[in-house]
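Coordinate analysis (summary)
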Amino acid sequence: MPLDCVIIGGGPAGLMAAIYLARFRRRVCVVDAGASRAGLIPRSHNVPGFTHGLSGSDLLARMSAQLADLQVPRVTAEVTHLAPSQNGFRAAWAGGEAEAKAVVLACGIVDNHPPFEEWRVAVADGLLRYCPVCDAYEAIDRRIGVVGPPAHAAGKALFLRGYSRDVTMLATAPADAEARSRLTAAGVEVVDAGDVQLKGRGCRLEACFNGGNTAEFEVVYPAMGAEVRSRLALSLGAEHTTDGYLRIDDHQRTSVDGLYGIGDVVTDLHQISVAFGHAAVAACAIHSSLPRRLV
């Protein structure tokens, strides 16, 4: 018999959708490659109820334990193929496959990192951060650097200017006159740094650029875009934005019947709370779309 739903991705969005569907007494399976972006979070203060914050790995462990109690099977693998089938969809991975009436894509994104070999260590130490919406509050009054092309970095630098007077945008591509004027008017220093490299310097990060110039920062925010992991949906012809985010309706349904998108794969507001909301909406919609379960 086919499953009611296969969930592809085991980050906060995918795990929350699985928890909801399991509690609806639906037959569900999570297939996850084990590379959730949330696992890199050293400490999030945006998860309600955790006064002193919660690490991403701890959050995933807690949710995984809840899934285990609900006896939801999990497969550690990357889904490489998704196709329509007589029963809905067939998802395949190395060494296995499953059929399901519905599929939830919770594959997330992969950030583009700046030139920095030790970026994982810097993330763990809170020196390299990717989400000012999540943690700019913890960067109040610090010396902040934002690295990336102005199309991505300018907005992030302006946002951070509300938390610190000392914000520098290290532009990896030329900034046009309008963007430079807005940043300068807001008190953001703009530095042309197309060849920027980052290095660890104790409790700071050092940016090296323009053949020997350097600047040190207490916090650096990369703003270099990301790869949206929507390939499986695009292979089915799902509608999407130019950046690859899936277009969904108010019930998290994509343009492909029975295929749902939640979390970072559908929005550039990369928030755990948003992922949770998407998961709840999608799970309720899936439960309502399936034949009624009677005991």
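Residues numbered from 1 in each chain as written. Predicted model: local features only at pLDDT ≥ 70, side-chain atom pairs only at ≥ 80, totals over all residues. Heavy atoms only, no water.

Our focus in this paragraph is helix α6 (residues 177-185). N-capping of α6 is provided by Asp-176, with a side-chain oxygen placed 3.2 Å from the backbone N of Glu-178. Of the residues trailing α6, Gly-187 is marked for its positive phi of about 90°. (Polar contact = N/O pair within 3.5 Å; in protein donor to acceptor, adjacent residues only side chain to side chain. Helix = DSSP H or I, 4+ residues; strand = E, 2+ residues; numbered from the N terminus.)

A few words on the packing of helix α1 (residues 12-23) against helix α8 (residues 272-289). Between α1 and α8, the least distance of the axes is 8 Å, while the angle of their chain directions is 35°. Helix-helix and strand crossings are classified by hand; for α1 and α8 the assignment is right-handed. In this structure, α1 uses Pro-12, Ala-13, Met-16, Ala-17, Tyr-20 and Leu-21 to contact α8, whose residues at the interface are Ile-272, Ala-275, Phe-276, Ala-279, Ala-280, Ala-283, Cys-284, Ile-286 and His-287. Broken down by class, the residue content of the contact of α1 with α8 amounts to 14 nonpolar, 1 polar and no charged. (Axes fitted to C-alpha atoms, helices over the stretch in contact; angles between N-to-C directions. Left-handed = near helix turned anticlockwise from the far one by under 90°. Contact = heavy atoms within 4.5 Å. Nonpolar A, V, L, I, M, F, W, Y, C, P; charged D, E, K, R; others polar.)

To continue, consider the environment of Gly-258. With respect to the secondary-structure elements, Gly-258 resides in the loop between α7 (231-234) and β16 (259-261). Taking relative accessible area as the criterion, Gly-258 reaches 17% and is therefore assigned buried. Along the primary structure Gly-258 and Ala-100 are separated by 158 residues, whereas in three dimensions their C-alpha atoms are 9.5 Å apart. (Buried < 20%, exposed > 50% of the residue type's maximum accessible area, 1.4 Å probe, protein only.)

Quick look at the sheet that holds strand β10 (residues 189-192) now. One open sheet accounts for 4 strands, arranged β10-β9-β8-β14; its pairing is parallel. Each edge of the sheet is formed by a strand with only one pairing partner; in this case those strands are β10 and β14 (219-222). The mean angle between the axes of side-by-side strands here comes to 20°, regardless of whether they run parallel or antiparallel. Across 4 bridges, the pairing between strand β8 (residues 144-148) and β14 is parallel. Within β14, the residue paired with Gly-145 across the bridge is Val-220. (Pairing = 2+ DSSP bridges.)

This paragraph deals with the packing of aromatic side chains. For the structure on display, the rule yields 2 aromatic pairs. Aromatic pair Tyr-20 and Phe-24: ring centres 6.3 Å apart, planes at 75°, arrangement edge-to-face. A residue is classified by how much of its surface remains accessible, and Tyr-20, at 33% relative accessible area, is partly exposed. Taking 5.6 Å as the distance between ring centres and 40° as the angle between the ring planes, the aromatic pair formed by Phe-159 and Tyr-163 counts as tilted. Judged by its relative accessible area of 34%, Phe-159 falls in the partly exposed class. Note on Tyr-163: relative accessible area 27%, which makes it partly exposed. (Phe/Tyr/Trp six-rings, centres within 6.5 Å; stacked < 30°, edge-to-face > 60°.)

Turning our eyes to something else, we now look at the state of the cysteines. In total, this model carries 0 disulfides according to the counting rule given. Among the cysteines around Cys-208, which has no disulfide bond, Cys-203 carries the closest sulfur, lying 16 Å off. (Disulfide = S-S within 2.5 Å.)

Pairing between strand β12 (residues 204-209) and strand β13 (residues 213-217): 5 bridges, direction antiparallel. Paired with Leu-205 across the bridge in β13 is Phe-217. The hairpin formed by β12 and β13 contains 3 residues between the paired strands, and Asn-210 there has a positive phi angle of roughly 50°.

Nonpolar side chains collect at one region of the surface, where Val-133, Phe-159 and Leu-269 lie side by side and expose about 240 Å² of accessible area between them. Take Leu-269: it is sitting in the loop between β16 and α8. Its relative accessible area of 42% is what places Leu-269 among the partly exposed residues. (Patch = residues over 30% accessible without salt bridge, like charges linked within 9 Å, V, L, I, M, F, W, Y side chains within 5 Å. Areas by Shrake-Rupley, 256 points an atom, 1.4 Å probe, with all protein chains shown as cover. Salt bridge = Lys/Arg side-chain N within 4 Å of Asp/Glu carboxyl O.)

Let's shift gears to the UniProt feature "domain: FAD/NAD(P)-binding" (unreviewed entry) in the chain. In this numbering, the UniProt entry assigns the feature "domain: FAD/NAD(P)-binding" (unreviewed entry) to residues 4-279. Along residues 4-279 the backbone is 25% helical and 29% strand, and the end-to-end C-alpha distance reaches 15 Å. (UniProt positions renumbered as here; feature names shortened; annotations may be inferred.)

To continue, consider the sheet that holds strand β11 (residues 197-201). Ordered by their spatial adjacency, 3 strands build an open sheet running β11-β12-β13, and the pairing between neighbours is antiparallel. At either margin of the open sheet sits one strand with a lone partner, and together these are β11 and β13. The average angle at which neighbouring strand axes cross in this sheet is 25°, direction not considered.

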